[in-house]
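Here's the letter readout for the chains.
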Amino acid sequence: MWGHILVCLGLALAGPAMADPYGFIDEFKSLGGDWHVADYEFDHPKFDTDWRRGQVRADSGLTLMLDPQKAGLNRFAGASIRREDTSHYGRYVVELQAARGAGLVTGFFTYTGPHYGTRHDEIDIEFLGRNTRQMHVAWFVDGALTNHYIELGFDAADQPRRYAFEWWPDRLAWFVEDRLIFEHHARDGAIPTVPGRLFANLWAADPSISGWAGTIQDGTSGQVLVKRIGFIPFSETVLAQKGDQSPDS
């Protein structure tokens, strides 16, 4: 299955397209040194969540958990992992089962911002637990947000499925089970350009954004099952060959 993704892109793990050493596919038999697990109280106006290492479990797959907590800055303890190294143009793939429940947010995204000494650029796949039959796609360019909701035709909380986005110099594209579902071209508005770190997380939304995420109830728990995450960097050769073609051409 994952080999099929590489073939469709004209990439090979051992070929020149993978010259970037930071390409990977991780099935999380353990949580190695390439990933950082967040473990701190999170003071952010949109989050009712502190990050706790104990909310992340890796054993032939990754489980991200969210539970109520009695001590902490926020009412809930959630899970967040990120890659230690930055990445840039390429295909970002995750196979996951999203969390269901109002106020829960499942995220898979690249991010960089002032904490890392850059402007805020970001590319997102998110599932809002209030309606897991939709996928929320979004991107930030220097802190400015653009977003869309995509009807999936199935419930993302029912079973693991494969989701992806591609980041090209001139466009962004999102996929579900290798099917292109949304595309944005730079000619229609700016796209991110600054390399970022890859994250996966599960968090509870603050009541101030309940209009977007829904209102989480006291005592709510949830979990996300991640079967694998992969990043396939685009080499200069692939970028030049693709030019301004559609990623699925």
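Here, residues in each chain are numbered from 1, in the same order as that chain's written sequence. pLDDT decides what is reported in this predicted model: residues at 70 or higher carry local features, side-chain atom pairs at 80 or more are listed and counted, and totals for whole chains, interfaces and linings draw on all residues regardless. In computing side-chain properties, one takes all heavy atoms of the structure into account and sets aside hydrogens as well as water.

Regarding the overall build of the chain
Here is the rule: Here a strand is any run of E in DSSP of at least two residues, a helix any run of H or I of at least four, and the numbering for each starts at the N terminus. When a residue's accessible area, from a 1.4 Å probe over protein chains only, is under 20% of the maximum for its type it is buried; when over 50% it is exposed; and in between it is partly exposed. By definition, residues are in contact when any of their heavy atoms lie within 4.5 Å.
A tally of helices and strands in the chain yields three helices and 16 strands. Taken over 249 residues, the chain has a buried fraction of 54%. A sequence separation of at least 24 residues applies to 67% of the contacts in the chain between residues at least 6 apart.

Side note on the pairing of strand β12 (residues 161–168)
Spelled out, the test is: Note: two strands are recorded as paired if DSSP finds a minimum of 2 bridges between them.
Most of β12 is tucked away: eight of the eight residues are buried. Burial along β12 is two-sided: the residues R161, Y163, F165 and W167 and R162, A164, E166 and W168 are all buried. Both strand β7 (residues 90–97) and β12 contribute to a ladder of seven bridges, which runs antiparallel. Counted as the bridge partner of E95 is R162 from β12. Summarising the sheet, β12 and strand β13 (residues 171–176) pair through six bridges and their orientation is antiparallel.

Side note on the pairing of strand β11 (residues 144–151)
Here eight bridges tie strand β10 (residues 134–141) to β11, and the two strands are oriented antiparallel to one another. Bridge pairing in β11 places H136 opposite Y149. The hairpin turn running from β10 into β11, its antiparallel successor, is two residues long, and D142 in that turn takes a positive phi close to 50°.

Re unusual backbone geometry
Even without being glycine, S60 reaches a positive phi, approximately 55°. Looking at the secondary structure, you find S60 in the loop between β4 (56–58) and β5 (62–68). Of note, the phi angle at E177 is positive, near 50°, even though the residue is not glycine. Its location among the elements puts E177 in the loop between β13 and β14 (179–185). We classify E177 as partly exposed; its relative accessible area is 35%.

Things to note about the pattern of salt bridges
Using the following cut-off: Throughout this description, the term salt bridge denotes a Lys or Arg side-chain nitrogen within 4 Å of a carboxyl oxygen of Asp or Glu.
Following the criterion strictly, the structure yields 18 salt bridges and no others. E95 is the salt-bridge partner of R228, the closest N and O atoms lying 2.4 Å from each other. Remark: E95 occurs in strand β7 and R228 occurs in strand β16 (residues 222–233); sequence separation between them is 133 residues. Overall, the relative accessible area of 8% leaves E95 in the buried class.

A look at the nonpolar core
This is how it is decided: Within this scheme, the nonpolar core is defined by two criteria: the residues are buried Ala, Val, Leu, Ile, Met, Phe, Trp, Tyr or Cys, and they are joined through side-chain atoms within 4.5 Å.
Core analysis: the biggest nonpolar cluster contains 52 residues, and L64, F127, M135, Y163, W174, V226 and I229 have the highest contact counts within it. Discounting residues that sit within four places of it in the chain, L64 has contacts with Q55, V56, A79, A200, N201, L202, G222, Q223, V224 and V226. F42, V105, L128 and A205 belong to the second-largest nonpolar core, a separate cluster that totals ten residues.

Remarks on the packing of aromatic side chains
The relation between two aromatic rings is expressed through the spacing of the ring centres and the mutual angle of the planes. Using the following cut-off: The aromatic pairing rule takes the rings of Phe, Tyr and Trp, using the six-membered ring of Trp, and pairs them if the centres are within 6.5 Å, calling planes under 30 degrees apart stacked, those over 60 edge-to-face and the rest tilted. Two conditions define a charge located above a ring, namely a distance within 6 Å from the ring centre to NZ of Lys or CZ of Arg, and an angle within 35 degrees of the ring normal.
In the structure shown here, the tally under the stated rule is 20 aromatic pairs. Ring geometry for Y92 versus F165: centroids 4.8 Å apart, planes at 15°, classification stacked. Of this pair, Y92 sits in strand β7 while F165 sits in strand β12, and the two are 73 residues apart along the sequence. Residue classification places Y92 among the buried residues on the basis of a relative accessible area of 0%. Taking relative accessible area as the criterion, F165 reaches 0% and is therefore assigned buried. Here a set of aromatic residues connected by ring pairs shows up, and it is made of Y40, F42, F47, W51, W203 and W212. When the ring centre of W35 is taken as reference, the NZ or CZ atom of R83 above it lies at 5.1 Å. The ring of F175 is capped by R91, whose NZ or CZ atom sits 4.6 Å from the centre of that ring.

The values reported here are purely geometric and, on their own, carry no functional implication.
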